[in-house]
Protein chains: 2
Amino acid sequence: MTMSDIFDALAHPIRREVLEMLKLGGMTAGEIADQFPVSKPTMSGHFAKLKAAGLIRGENRSGSITYTLNLSTLEEALLGFMGRVGIGSGEADHQGKAGDTA
Amino acid sequence: MTMSDIFDALAHPIRREVLEMLKLGGMTAGEIADQFPVSKPTMSGHFAKLKAAGLIRGENRSGSITYTLNLSTLEEALLGFMGRVGIGSGEADHQGKAGDTA
DNA sequence: AATCTATTTCGCTATTTAGCTAAATGACGA
DNA sequence: TCGTCATTTAGCTAAATAGCGAAATAGATT
């Protein structure tokens, strides 16, 4: 659940797409896997990374596993990083704003 | 400069830290490299990736190279992705800026 | 030109990641 | 229990990534 876990998880296009799909609601591992041209074990590995990063949650529901998006983790990580590089609301850092001498 | 380039660039902690450092202003390659416990050739490789992703710009200034943060690329990518997963303004899919699936 | 400094490119090795098939696990229905 | 479906784990290979030291390049300075 560290910051690096999260950015590692986001590094793979398939994993980013999985997150996008889950935006619309929970889906089972199989349903998700069917949308991608890789094997199910490979997809299972992607799910494991997303789960390790805290970006999705798996719920065991009657024989299959439904994954749901954990939006708050993602939001916290991305907004936090954006703040640190100076994007968005000024809650980035407490001292000098960008723009002074290099 | 694709979406994947950007997220690949963000995957490495050193590269994320470089971006944070540059928030305060431009720095030369050597100045940046001195802050990290890896060799200069290794840092040079990190700069190359950040540059390929469009996240920094290098300016040749009197014998050394000053890198500056290209905030707009980063902002566009992160806000775009956040929009796609449903973070931020309710608008989910704005305009696809990256059609990469590789 | 010769040299010095800053940075990158070139080989090279070690580690990590992504993908596969095959086998194992877990839950469910007959 | 037996078989079946859904998913994960195990074991492997190929490719990508990160790191290094040595050498090459590019600008300045002498």
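Read on for an overview of the structure.

1. Some points on the interface of chain A and chain B
Part 1 of the argument: Of the residues lining the interface, 31 residues belong to chain A; the matching set on chain B comes to 30 residues.
Part 2 of the argument: Both faces combined, the contact of chain A with chain B buries some 2600 Å², and carbon together with sulfur accounts for 67% of it.
Part 3 of the argument: It is Arg16(A), Lys23(A) and Phe81(A) that lose the most area in chain A upon contact with chain B, and together they represent 20% of the buried surface on that side.
Part 4 of the argument: Across the chain A-chain B interface, the total number found is two salt bridges.
Part 5 of the argument: Between Glu20(B) and Arg84(A) there is a salt bridge, and its shortest N-O distance comes to 3.5 Å.
Part 6 of the argument: Sorting the residues of the side of chain A that touches chain B by element identifies helix H1 (3–10), helix H2 (13–22) and helix H5 (71–85) of chain A as the ones contributing at least two each.
Part 7 of the argument: Sort the elements by how many residues they give to the side of chain A that touches chain B and H5(A) lands first, with ten residues.
Part 8 of the argument: Of the residues in the side of chain A that touches chain B, the class split is 18 nonpolar, four polar and nine charged.

2. Observations regarding the relation of the copies chain A and chain B
Part 1 of the argument: Superposing chain A onto chain B takes a rotation of 180° plus a shift of 0.0 Å along the axis, which leaves an RMSD of 0.1 Å. Look at the turn and shift together and you get a two-fold axis relating the two. By C-alpha distance to the rotation axis, the residue of chain A lying nearest is Ala11(A), at 3.0 Å.
Part 2 of the argument: A high fraction, 90%, of the interface residues of chain A reappear at the interface in chain B, so the copies pair face to face through one surface.

3. Focus on the sheet that holds strand S2 (residues 56–61) of chain A
Residue and element names in this part refer to chain A.
Part 1 of the argument: The three strands lie next to each other as S1-S3-S2, forming an open sheet whose pairing is antiparallel. Bordering the open sheet on either side are strand S1 (27–28) and S2, each of which pairs with just one other strand.
Part 2 of the argument: As defined by bridge partners, S2 adjoins strand S3 (residues 64–69) across six bridges and the pair is classed as antiparallel. The residue bridging Asn-60 from the neighbouring strand is Ile-65, located in S3.
Part 3 of the argument: Contacting S1, S2 and S3, H2 crosses the sheet at an angle of about 90° to S3.

4. Description of the packing of H2(A) against helix H5 (residues 71–85) of chain B
Part 1 of the argument: Two numbers describe how H2(A) lies on H5(B): the axes approach to 7 Å, and their chain directions differ by 45°. Here H2(A) is positioned oblique relative to H5(B), judged by the angle of their axes. Residues Arg16(A), Leu19(A) and Glu20(A) of H2(A) touch H5(B), and the partners they reach there are Phe81(B), Arg84(B) and Val85(B).
Part 2 of the argument: Broken down by class, the residue content of the contact of H2(A) with H5(B) amounts to three nonpolar, no polar and three charged.

5. Observations regarding the protein's contact with DNA strand D
Part 1 of the argument: Near DNA strand D there are 21 residues, and of these Gly30(A), Tyr67(A), Ser39(B), Thr42(B) and Lys49(B) occur at the shortest range.
Part 2 of the argument: Sugar plus phosphate, as a fraction of atoms of DNA strand D within 4 Å of the protein: 76%.
Part 3 of the argument: Contact between DNA strand D and Ser44(A): a phosphate oxygen at 3.0 Å from a side-chain N or O atom of the residue.
Part 4 of the argument: At 2.6 Å, a side-chain N or O of Lys49(B) approaches a phosphate oxygen of DNA strand D.
Part 5 of the argument: The residue inventory of the surface near DNA strand D, partitioned by class, reads seven nonpolar, eleven polar and three charged.

The rules behind these values
- Residues numbered from 1 in each chain as written.
- Chains lettered and ligands numbered in written order.
- Predicted model: local features only at pLDDT ≥ 70, side-chain atom pairs only at ≥ 80, totals over all residues.
- Heavy atoms only, no water.
- Contact = heavy atoms within 4.5 Å.
- Buried area = accessible area lost by both parts, 1.4 Å probe.
- Salt bridge = Lys/Arg side-chain N within 4 Å of Asp/Glu carboxyl O.
- Helix = DSSP H or I, 4+ residues; strand = E, 2+ residues; numbered from the N terminus.
- Nonpolar A, V, L, I, M, F, W, Y, C, P; charged D, E, K, R; others polar.
- Least-squares fit on C-alpha atoms with pLDDT ≥ 70 in both.
- Pairing = 2+ DSSP bridges.
- Axes fitted to C-alpha atoms, helices over the stretch in contact; angles between N-to-C directions.
- Parallel < 35°, antiparallel > 145°, perpendicular 65-115°, else oblique.
- Near = heavy atom within 4 Å.
- Polar contact = N/O pair within 3.5 Å; in protein donor to acceptor, adjacent residues only side chain to side chain.

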